[in-house]
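Per-entry structural report
Residue strings, one per chain:
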Amino acid sequence: MGEKIISKINLEDEQDIYVKRGMVRAEFDFWVGIVMDKFYEGLQNKQFIGTKCSKCGKVFLPPRNRCADCFAKAEEFVELPQTGVVKNFTVSNYNVTERRVRKAKEPNMVGLIQIDGADTAMVVPIINTNPDDLKEGMKVKVVWAKNIKGHPNDIAGFEPVGGG
Amino acid sequence: MEKVGIVGYYQLKPELDIMMSPYEAIFTAVRGALDSAGLKRKDITTVVTCTNDYYDGKTISNCFKVEAGGAYMKDETKVELDGAHAAAYGLYRILSGNHKLAMIYGFSTPSCYFYEPVRILELDPTFDRTMSVINPYTTGGMQMRAYMKAFGVNEEDIAKVAVQNYKNCSKNSLALPEAKKPDISVQDVLDSEILSSPLRRLMYPIPCDGATAMILAPERQSLKITDNPVWITGMGQCQETYYLGDRDLSISVSMEKAAEKAYKRAGINDPKSEIDVAEIFGHTSCEELILAEAAHLSEKGKGAILLDSGPALNPSGGAMSAFTPCASGLTRLVEAAKQLRGEADGYQISGAKKAIASGQVGFCAQNNIVFVLEGGG
């Protein structure tokens, strides 16, 4: 676990304060469920698979198996196109991981992108464009990663349609 | 709703890196709250703790804090949301008729962990966590862009909220020293670095170490303890969907519903004119406006008007004054109670009779909770 007791120096009154530094690590498997399983399978075939509510017909991407409004099953799979619209975006100067906050070398472009035919949007990276060129309503298409593994990281990001 | 009284409280002075162990900090807050009400540990019948396993680096984070929190050999439970939710648990326990005195406390020391990275663990592990683009900065940025676009609000208006908070902090003796900026200008906020566009550094409160404790009692008991209780006359809570892409980030439907429930219970028909003070926990200056508007304190998109007229918005400095995870919402409750008791030394809103206080958890305030408080005397 790599835990140790270390001393931290309190400069103000030159007194050593002992603190315990450790890392909590818990291995865990998340069973993704049939809906996300299908979604990952779609990624493997470079496809977006969403789900449709059996009652109101709302299409979810990322998919989920229940509609919040109807409290009904949303287990009908729908194949969606690879293009969408930027509903919202932000350009971040920081990389935030589970471990650290670090100043980013290049600004990170992040978009709330609604795939055509879906009623919900997902938060994904935007790539191959300049932060200054981003706008809401911009048409984008998915860029697949080089090695497809049936994993969320198969989505390298979204780029403007037409190189933008 | 039967009245429940706030009869005592204590806020530990927040610091970036507090020279106290968790147990000293919690003990100081809990002991301080008891002393403020002239009570003893034996008077407590239930303790509601608000801490977080991830923030504490251990599971069942409350189990190791029993003695410090005054819970030894008593009914005790934990809520892992905001301190304001712990207050709701305390309220339920009092209203159940089973308890005469509830000690509520919220505590965290973000100097011991990385706040923003730990928030990543809040994300859906099957998709969002792997994409690693959602974090408090990017969500704050998108929320601000959505708000500005929907209502044609400019950056200056949002910067003004931050300026007022920093100025208010300078009058609040319990505000984080780093947030006391009496001479800050709108331009200073607009010149601060961009965390995630359009959100800037000075629109985002600094996570700091702290602990806040508050005591609740039933009406009769409250009157025996103090002749100056503050009454909780209404409370409402609402949970929004997790998915940011399902929500309209320019507004907060869950805050609106929570506030409406609280107002209904408290018999408030026109919050704009009836509420004197609003202590709102916004995770950014923009979110503070969105939540204040959702609580019907102003029209949507016009929240900046509260800086000049209407209910006083965050006279304590709001989340900027003490952004302690697990305690922020509880601190808002205590600040609102102080206003109603006339104890807000240096930032007292004269004649304050009714106040609201809010807490929240989740990205872009997924879950909101609102309390209506009234001065008793």
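Keep in mind that this is a model prediction, so the values were computed, not measured. Residue positions within a chain follow its written sequence, with the count starting from 1. Whichever chain is written first becomes A and whichever ligand is written first becomes 1, with later ones labelled in order. A pLDDT threshold of at least 70 governs which residues receive local features in this predicted model, and a stricter bar of 80 or more applies before side-chain atom pairs are shown or counted, although totals over entire chains, interfaces and linings include all residues. Computation of side-chain values: all heavy atoms of the structure, hydrogens and water removed.

**Topic: the overall build of chain B**
Our working rule: Only DSSP runs of H or I with at least four residues qualify as helices, and only runs of E with at least two residues qualify as strands; both kinds are numbered from the N terminus onward. When we talk radius of gyration, it's over C-alpha atoms, and the globule rule is simply 2.2 Å times the number of residues to the 0.38. Exposure categories follow from relative accessible area, calculated using a 1.4 Å probe and restricted to protein chains: below 20% of the type maximum is buried, above 50% is exposed, and the middle band is partly exposed. Note on contacts: a residue pair is in contact if any heavy atoms of the two residues lie within 4.5 Å. Working definition of accessibility: Shrake-Rupley area with a 1.4 Å probe, residue cover restricted to the visible protein chains. Under the convention used here, Asp and Glu are negative, Lys and Arg are positive, and both His and the chain ends fall outside the count. Taken as the charge centre is NZ of Lys, CZ of Arg, CG of Asp or CD of Glu, depending on the residue.
Each helix and strand in chain B was counted, giving 13 helices and 12 strands. Relative to a compact globule of 377 residues, whose C-alpha radius of gyration would be 21 Å, chain B shows 19 Å and is just as compact. Each principal axis of the C-alpha atoms in chain B carries an extent, and together these give about 55 × 45 × 40 Å. Burial statistics for chain B: of 377 residues in total, 63% are counted as buried. Put simply, 77% of the contacts in chain B that link residues at least 6 apart link residues at least 24 apart. Within the structure as shown, chain B displays about 12,900 Å² of accessible surface, and the carbon and sulfur contribution to it stands at 50%. One way to put it: in chain B the 38 positive side-chain charges average out to a point 5 Å from where the 46 negative ones average out.

**Here we look at the interface of chain B and chain A**
Here is the rule we go by: Buried area is calculated as the accessible area (1.4 Å probe) missing from two parts once they are joined, with the contributions of both summed. Here, a salt bridge means any Lys or Arg side-chain nitrogen found within 4 Å of an Asp or Glu carboxyl oxygen.
With 35 residues of chain B in contact, the opposing surface of chain A contributes 39 residues. Summed over both partners, the interface of chain B with chain A buries about 3,300 Å², with 64% contributed by carbon and sulfur atoms. The largest per-residue losses of area from chain B upon contact with chain A belong to Thr126, Phe127 and Met142 of chain B, which jointly make up 19% of the total buried on that side. At the junction of chain B and chain A, the tally comes to 2 salt bridges. Among the salt bridges present, the one from Lys103 of chain A reaches Glu193 of chain B, with a minimum N-O distance of 2.8 Å.

**Examining the pairing of strand β2 (residues 46-50) of chain B**
On a regular strand, each side chain points to the face opposite its neighbour's, so the side chains alternate between the two faces of the sheet. Residues and elements named next belong to chain B. Operational definition: Paired strands are those between which DSSP finds at least two bridges.
Among the 5 residues of β2, 5 are classified as buried, and the element is accordingly described as predominantly covered. Sheet topology places β2 next to strand β3 (residues 75-79); 5 bridges connect them, and they run parallel. Bridging across to β3, Val48 finds its partner in Thr77.

**A word on the sheet that holds strand β3 (residues 48-52) of chain A**
All names here are of chain A. For clarity, the threshold we go by: Axis definition: a line fitted to C-alpha atoms, over the contacting stretch in the case of helices. Angles run 0 to 180 degrees between N-to-C directions.
Overall, antiparallel pairing links the 3 strands, which are arranged β4-β3-β7 in an open sheet. Whereas interior strands pair on both sides, the edge strands pair on one side only; in this sheet they are β4 (59-60) and β7 (76-80). Contacting β3 and β7, helix α1 (residues 33-44) runs over the sheet at an angle of about 150 degrees to β3.

**Considerations on the layout of surface pockets**
The condition that has to hold: As defined here, a cavity is a set of points on a 1 Å grid over the protein atoms alone where a 1.4 Å probe fits but cannot get out. A pocket is an open set with protein on both sides within 12 Å along at least five of seven lines, and residues line them when an atom is within 4 Å of a point. Grid points are joined across faces, edges and corners, and a volume is the space filled by probe spheres set on the points. Note that Gly is not counted as nonpolar here; it falls among the polar residues with everything else outside the nonpolar set of Ala, Val, Leu, Ile, Met, Phe, Trp, Tyr, Cys and Pro and the charged set of Asp, Glu, Lys and Arg.
Taken as a whole, the largest pocket spans an internal volume of roughly 2,300 Å³. As for the largest pocket, its lining consists of 50 residues, of which Gly22 and Val24 of chain A together with Gly57, Cys112 and Tyr113 of chain B are closest to the centre. Those elements that place two or more of their residues in the lining of the largest pocket are β2 (15-21) of chain A together with α1 (22-37), α2 (53-56) and α4 (115-120) of chain B. At 5 residues, the largest contribution of residues to the lining of the largest pocket is made by β2 of chain A. Looking at the lining of the largest pocket, its residues break down into 25 nonpolar, 7 polar and 18 charged.

**Things to note about the sheet that holds strand β4 (residues 102-108) of chain B**
Residue and element names in this part refer to chain B. Taking strand neighbours across the sheet as the criterion, the 10 strands line up as β3-β2-β4-β7-β1-β8-β12-β11-β9-β10 in an open arrangement whose pairing is mixed. Strands with a single pairing partner mark the edges of an open sheet, and in this sheet they are β3 and β10 (312-313). Alignment of strand β8 (residues 230-239) against strand β12 (residues 367-375), held across 9 bridges, turns out to be antiparallel. The residue bridging Ile232 from the neighbouring strand is Leu373, located in β12.

**Some remarks on the packing of aromatic side chains**
Here a ring pair, both rings aromatic, is described through the centre-centre distance and the interplanar angle of the planes. All names here are of chain B. The following threshold applies: A pair of aromatic rings is counted whenever rings of Phe, Tyr or Trp (Trp by its six-membered ring) have centres within 6.5 Å, and the orientation is called stacked for planes under 30 degrees apart, edge-to-face for over 60 and tilted otherwise.
Under the defined criterion, the tally for this structure stands at 15 aromatic pairs over all chains. Taken together, a centroid distance of 5.9 Å and an interplanar angle of 55 degrees make the contact between Phe281 and Phe323 tilted. With Phe281 in the loop between β9 (277-279) and α12 (285-294) and Phe323 in the loop between β10 and α13 (328-341), this pair connects stretches of sequence that are 42 residues apart. Three or more aromatic residues joined by ring pairs form one cluster here, namely Tyr55, Tyr113, Tyr115, Phe281 and Phe323.

**Side note on empty space enclosed by the protein**
All names here are of chain B. Applying the stated criterion to the full structure yields 4 cavities of 30 Å³ or more. The volume enclosed by the largest cavity comes to roughly 100 Å³. In this structure, the second largest cavity encloses a volume near 80 Å³. Lining the second largest cavity are 13 residues, and of these Pro136, Thr139, His283, Glu287 and Cys364 sit closest to its centre. If you tally residues by element for the lining of the second largest cavity, the top one is helix α6 (residues 136-151), at 4 residues.

**Notes on the environment of Ser192 of chain B**
All names here are of chain B. With respect to the helices, strands and loops of the structure, Ser192 is situated in the loop between α8 (186-191) and β5 (194-196). On the accessibility criterion, Ser192 (10% relative accessible area) is buried. Put simply, Ser192 and Met203 are 11 residues apart on the chain and 8.8 Å apart in space, counted from C-alpha to C-alpha. With sequence-adjacent residues up to four places away left out, Ser192 is seen in contact with Arg200, Arg201 and Leu202.

**Some points on α1 of chain B**
Residues and elements named next belong to chain B. This is how it is decided: The span expected for a helix works out to 1.5 Å for each residue beyond the first.
Taking 1.5 Å per residue as the helical rise, α1 with its 16 residues ought to reach 22 Å, and the 23 Å between its terminal C-alpha atoms agrees with that figure. The complete set of buried residues in α1 reads Ala25, Ile26, Ala29, Val30, Gly32, Ala33, Leu34 and Ala37. Residues of α1 that are buried in the fold lie against β1 (4-11), β4, β7 (210-218) and α9 (219-225). Of the residues trailing α1, Gly38 is marked for its positive phi of about 65 degrees.

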